[in-house]
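Survey of secondary and tertiary structure
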Amino acid sequence: MLVGMTTNADQPQTRPRRRSPAGAAVLREDVTEAIRAAVFEELAAVGYARMSIEGIARRAGVGKTAVYRRWRSKLHLVLDVVSAIAVMGLPAPDTGSLEGDLRLLYEVTSRALRHPVASQIIPDLQAEAARNPEIAEALQKALEQGQEGVASGIVKAAEQRGELRAGVDDALALDIISGPLYWRSVVARTPKLPKGYLDALARATAQALKAL
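Keep in mind that this is a model prediction, so the values were computed, not measured.

1. Describing the nonpolar core
- If you look at the biggest cluster of nonpolar residues, it comprises 27 residues, and the most contacted ones within it are Ile35, Val39 and Leu77.
- Elements with a contribution of two residues or more to this core: α1 (29-50), α2 (53-60), α3 (64-68), α4 (74-88), α6 (116-129) and α7 (133-161).
- Excluding residues within four positions of it along the chain, valine 39 makes contact with Met51, Ile56, Leu77, Val78 and Val81.

What follows is the structure, given as structure tokens:
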């Protein structure tokens, strides 16, 4: 053995220090939000079929790697973004009357559905949902849960005020509340709602709910 050389047994054993992740490895929330916003814009511009990770990254001002660190494919990215809509929800109206709550709900929902981005994305995703069960499930969850909690709250409040009988069927009430405006704005895609339409719809819906 060479003079001065020690063996492993002669010196204390130390574990190598674990390196802290580099800054680039940390998923920055502002980048994540920029990518999510870019997904909505890209969907509205080119549709799901033509949408690409490259286009999303370019629109978000990031590299493709930043997208792939968060989602492994465009399908999972869209599913995540669409599913997030469900938990965002709508503000719960509290006007003190059934008709007033419905009128406020319709005002907010109408503006959301008629937004240029939403008006392009929803029909496109509906078409894609017919071919893709995962998108169908995510879209159904977003559309139903986004309104279900609010509609249920309106019905429960009306029951407590005595405007509706107790025990109204929540599923049927949701269909009555959400169906007409969704049909007019998304399916028929009416360019502009007639004057007084939301007021008349709120009155008619309130009467229909009272008949349940």
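2. Thoughts on the pattern of salt bridges
- Counting across every chain of the model gives 14 salt bridges.
- The closest approach of N and O atoms between arginine 161 and aspartate 101, which form a salt bridge, is 3.7 Å. Of this pair, arginine 161 sits in helix α7 while aspartate 101 sits in helix α5 (residues 98-113), and the two are 60 residues apart along the sequence.
- The salt bridge partner of arginine 131 is glutamate 128, with a shortest N-O separation of 2.8 Å.
- The class for arginine 131 is exposed, based on a relative accessible area of 58%.
- Three or more residues joined by partner-sharing salt bridges are found here, namely Arg103, Glu107, Arg111 and Asp199.

3. With respect to the packing of α5 against helix α8 (residues 170-187)
- In the contact formed by α5 and α8, the axes pass within 11 Å of each other and the chain directions differ by 30°. In this view, α5 runs roughly parallel relative to α8, as classed from their interaxial angle. Relative to α8, α5 is oriented so that their crossing is right-handed. Counting all contacts with α5, which are made through Leu102, Leu105, Tyr106, Thr109, Ser110 and Leu113, the residues of α8 involved are Ile176, Ile177, Leu181, Tyr182, Ser185 and Val186.

4. Examining the packing of α1 against α2
- The N-to-C vectors of α1 and α2 enclose an angle of 120°; their axes lie 8 Å apart at closest approach. In this view, α1 runs oblique relative to α2, as classed from their interaxial angle. α1 and α2 meet at a crossing whose hand is right-handed. Together, Ala34, Ile35, Ala38, Val39, Glu41, Glu42 and Ala45 of α1 and Gly55, Ile56, Arg59 and Ala60 of α2 make up the contact between the two elements.
- Broken down by class, the residue content of the contact of α1 with α2 amounts to seven nonpolar, one polar and three charged.

5. Digging into the side chain of glutamate 42
- Along the chain, glutamate 42 falls in helix α1.
- Residues within four places of glutamate 42 in sequence aside, it is in contact with Gly47, Met51, Gly55, Ile56 and Arg59.

6. Let's talk about the side chain of lysine 74
- Tracing the backbone through its elements, the reader meets lysine 74 in helix α4.
- Within the buried set, lysine 74 has no salt-bridge partner at all; the shortest N-O distance to an opposite charge, 7.1 Å, is to glutamate 128.
- Of note is the side chain of lysine 74, whose polar atom sits 3.3 Å from the backbone oxygen of alanine 49.
- Of the polar contacts made by the side chain of lysine 74, one reaches the backbone oxygen of methionine 51; its length is 2.9 Å.
- If near-sequence neighbours (up to four positions away) are discounted, lysine 74 is found in contact with Tyr48, Ala49, Arg50, Met51 and Ile53.

7. Notes on α8
- The sharpest bend along α8 reaches about 35° and sits at serine 178, with the proline proline 180 one to four residues further on.
- At the exit of α8 stands arginine 189, carrying a positive phi of roughly 55°.

8. What to know about α5
- With 16 residues, α5 should cover 22 Å at 1.5 Å per step; its first-to-last C-alpha distance of 22 Å lies within 8% of that length.
- Taken residue by residue, α5 has Leu98, Asp101, Leu102, Leu105, Tyr106, Thr109, Ser110 and Leu113 as its buried positions. Down the axis, α5 shows its buried residues gathered within 160° of arc, on one side only.
- Between a side-chain oxygen at the N-terminus of α5 and the backbone nitrogen of glycine 100 the separation is 3.0 Å; the capping residue is serine 97.

9. Here's the deal with the packing of aromatic side chains
- If you walk through the whole model with that rule in mind, you get zero aromatic pairs.
- Sitting over the ring of tyrosine 48, lysine 74 keeps its end group 4.4 Å from the ring centre.

The rules behind each value
- Residues numbered from 1 in each chain as written.
- Predicted model: local features only at pLDDT ≥ 70, side-chain atom pairs only at ≥ 80, totals over all residues.
- Heavy atoms only, no water.
- Core = buried A, V, L, I, M, F, W, Y, C linked by side-chain atoms within 4.5 Å.
- Buried < 20%, exposed > 50% of the residue type's maximum accessible area, 1.4 Å probe, protein only.
- Helix = DSSP H or I, 4+ residues; strand = E, 2+ residues; numbered from the N terminus.
- Contact = heavy atoms within 4.5 Å.
- Salt bridge = Lys/Arg side-chain N within 4 Å of Asp/Glu carboxyl O.
- Axes fitted to C-alpha atoms, helices over the stretch in contact; angles between N-to-C directions.
- Parallel < 35°, antiparallel > 145°, perpendicular 65-115°, else oblique.
- Left-handed = near helix turned anticlockwise from the far one by under 90°.
- Nonpolar A, V, L, I, M, F, W, Y, C, P; charged D, E, K, R; others polar.
- Lys, Arg positive; Asp, Glu negative; His and termini not counted.
- Polar contact = N/O pair within 3.5 Å; in protein donor to acceptor, adjacent residues only side chain to side chain.
- Bend = angle between axes of the 7 residues up to and from the residue.
- Expected span 1.5 Å × (residues − 1).
- Arc of directions from axis to C-beta.
- Phe/Tyr/Trp six-rings, centres within 6.5 Å; stacked < 30°, edge-to-face > 60°.
- Lys NZ or Arg CZ within 6 Å of the ring centre and 35° of its normal.

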